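Chain by chain, the residues run as shown.
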Amino acid sequence: MISTFDELPDIDAANVVRCARVLLRRPLLRADGPDGDLLPMIYRQRAALQDVFSGLLGYRLVVERRFARLYKSGPGEDAGRGVESLSPRGYAYFALALAAMTGIGRQVLLSRLVSDVRAAAAEAEVEVSDDPADRRALTSALRHLVALGVITETEGSVTAESAAEALITIDTDMLGQLVAGPLAEAEDPQQLVELASAAGPRRVEHAVRRRLVEDPVVLYADLPPEQANWLREHVVGESRLLERFFGLVGEVRAEGVVVCDPEDYLTDLAFPGPATVARIALLALPELLDRGEPDSAGRHPVSWQDFADVCSELVDAYPSAWSRQATEDHQALVRSVIDLLTRLGLLAESDGSWLLSPAAHRWLPQPDATPAQQQRESEPPAPEPPGWSLFDEMEEASR
């Protein structure tokens, strides 16, 4: 399928898979950032990597000696995979900062950059203020640019203090690689989102394969009919492809496919987890699955009241097992559980209620043994009845 990859020796092919996994997790990879030690290998294998991503997913890959940029498709209307530190206001400031830095030069004072960002906001008719919440949103946007390596704090640091000053350096090459959507083709923000999330050249094939690589749970019922039919016909081959090129394992079920990473490297949200919300969400799944009959796609309808009742029962049944801070506000706890299950792809909102994915069944607890079995296993073994031993023949021969 990918001629460049097929011609590689086994060691080089394994290195390409390793690099592909790193790029999927870090689409903007720089030499001085996390996993940056692999950048020289990515540069050496850039031809094979570019063939893999363009051929299988329709993604464009740019590789330089200082950085690598994988242009992945956007999430579309699904906003569940954003940067946790950025609020909607923070994302607005992030976009405004990109616009302000485009023609500002390589070095600039922080106060000048903030002033230009606010001017860009006024030009775009975005209402801004100078209250603490607004300053925190702007600071979060700039701190994210620092984390990406686009701006460097040459003197001082980016803080929320309005009186603080700093000299920052802009990496213009990196700045030019940030925006993945085709800005020149979009007439408005909505069209930009649609174009950024559009399928690749092999429309159905690339669209489905992107879902399999990016989402842990892909249900046939959530796909357009054309894509669902294609996946049903090619699901076995696609599972093998995911493992060969990206080290992912697909669990094929009647309702769809669950994609797992055995090494958890590409898992952006681990579940189950040790935190109170994660443990309550895990223990709530069996009860929630019993609350309503599944629909034709295997999804179980659940309501806010179902979540509230189950969470309340768990908190009351094991009061000492939970964090007091997480459980003191019951409504906030329910919202946190719903948000976690939504981000995991196990829950989808539908007409004011929710549908619980059939994939939730894979986390149902299974007892290791029945109590009777456990009791028998704990009892010492009965003594062997009298009979021949291993040494009986030796004793007979010596007589």
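Here's a quick rundown of the structure. (Residues numbered from 1 in each chain as written. Predicted model: local features only at pLDDT ≥ 70, side-chain atom pairs only at ≥ 80, totals over all residues. Heavy atoms only, no water.)

## With respect to the side chain of Ser357
Operational definition: Each helix corresponds to a stretch of at least 4 residues labelled H or I by DSSP, and each strand to a stretch of at least 2 residues labelled E; elements are numbered beginning at the N terminus. Contacts were defined at the residue level, with two residues in contact if any of their heavy atoms lie within 4.5 Å.
Tracing the sequence through the fold places Ser357 in the loop between β12 (353-356) and α16 (371-378). Not counting the four nearest positions on each side in its chain, Ser357 is found in contact with Val217, Leu219, Gly345 and Leu346.

## Focus on the pattern of salt bridges
Note the following rule: Any carboxyl oxygen of Asp or Glu within 4 Å of a side-chain nitrogen of Lys or Arg constitutes a salt bridge here.
Within the structure shown, the criterion is met by 25 salt bridges. For Arg112, the salt bridge goes to Asp116, with nearest N and O atoms at 3.0 Å. Of the two residues, Arg112 and Asp116 are both situated in helix α6 (residues 110-123); the distance of 4 residues between them amounts to about one turn of the helix. The partner of Arg291 in a salt bridge is Glu313, and the shortest N-O contact between them spans 3.9 Å. Linking Arg291 in the loop between α12 (276-289) and β10 (300-302) with Glu313 in helix α13 (residues 304-317), this pair joins segments that are 22 residues apart in sequence.

## Section: unusual backbone geometry
The omega torsion across Phe271 and Pro272 is 0 degrees, close enough to zero to call that bond cis. Structurally, the position occupied by Pro272 is in the loop between β9 (256-260) and α12. Even without being glycine, Asp35 reaches a positive phi, approximately 60 degrees. Topologically, Asp35 is positioned in the loop between β1 (28-30) and α3 (39-44).

## Considering helix α7 (residues 132-148)
Our working rule: One less than the number of residues in a helix, times 1.5 Å, gives the span that helix is expected to have. Three exposure classes are used, based on accessible area relative to the maximum for each residue type with a 1.4 Å probe and protein chains only: buried under 20%, partly exposed in between, and exposed over 50%.
Across its 17 residues, α7 extends 24 Å between first and last C-alpha, which sits within 8% of the 24 Å expected from 1.5 Å per residue. Every buried residue belonging to α7 is among Asp134, Ala137, Leu138, Thr139, Ala141, Leu142, His144, Leu145, Val146 and Leu148, and all of these are buried. One or two residues past the end of α7 sits Gly149, with phi positive at roughly 85 degrees.

## Some details on helix α2 (residues 10-25)
In this model α2 runs 23 Å from its N-terminal to its C-terminal C-alpha over 16 residues, within 8% of the 22 Å that 1.5 Å per residue would give. Among the residues making up α2, those that are buried are Ala13, Asn15, Val16, Val17, Cys19, Ala20, Arg21, Val22, Leu23 and Leu24.

## Things to note about the sheet that holds β9
As a reminder of what qualifies: One bridge is not enough; two strands pair if DSSP finds at least two bridges between them. Think of each axis as a best-fit line through the C-alpha atoms, taken over the contacting stretch in the case of a helix, with angles from 0 to 180 degrees between the N-to-C directions.
Across the sheet, 3 strands lie side by side as β7-β9-β8; this open sheet has antiparallel pairing. Edge positions in the open sheet fall to β7 (217-219) and β8 (249-252), since each of these has one partner strand only. Taking each pair of neighbouring strands and ignoring which way they run, the sheet shows an average axis angle of 20 degrees. Relative to β9, β7 runs antiparallel, the two being bridged by 3 bridges. The residue of β9 that forms the bridge with Val217 is Val258.

## Here we look at the nonpolar core
To keep it simple, the criterion reads: Buried residues of nine kinds, namely Ala, Val, Leu, Ile, Met, Phe, Trp, Tyr and Cys, make up a nonpolar core once their side-chain atoms join them within 4.5 Å. Residue ranges assigned to each domain were obtained from an automatic or database domain assignment.
Phe5, Leu23, Leu49, Phe53, Leu231 and Phe246 are the most contacted members of the largest nonpolar core, which has 47 residues in total. When contributions to this core are tallied by element, the ones reaching two or more residues are α2, α3, α4 (46-56), β2 (60-63), β3 (67-71), α10 (203-214), α11 (225-246) and β9. When residues are assigned to domains, this core turns out to be shared by domain 1 (3-71) and domain 3 (201-260), each giving three or more. Excluding residues within four positions of it along the chain, Phe53 makes contact with Ala20, Leu23, Leu24, Gly58, Tyr59, Leu61, Leu70 and Phe246. Of all hydrophobic cores here, the second largest spans 34 residues; its members include Leu289, Leu314, Ile338 and Ala359.

Geometric values such as these leave the question of function open.
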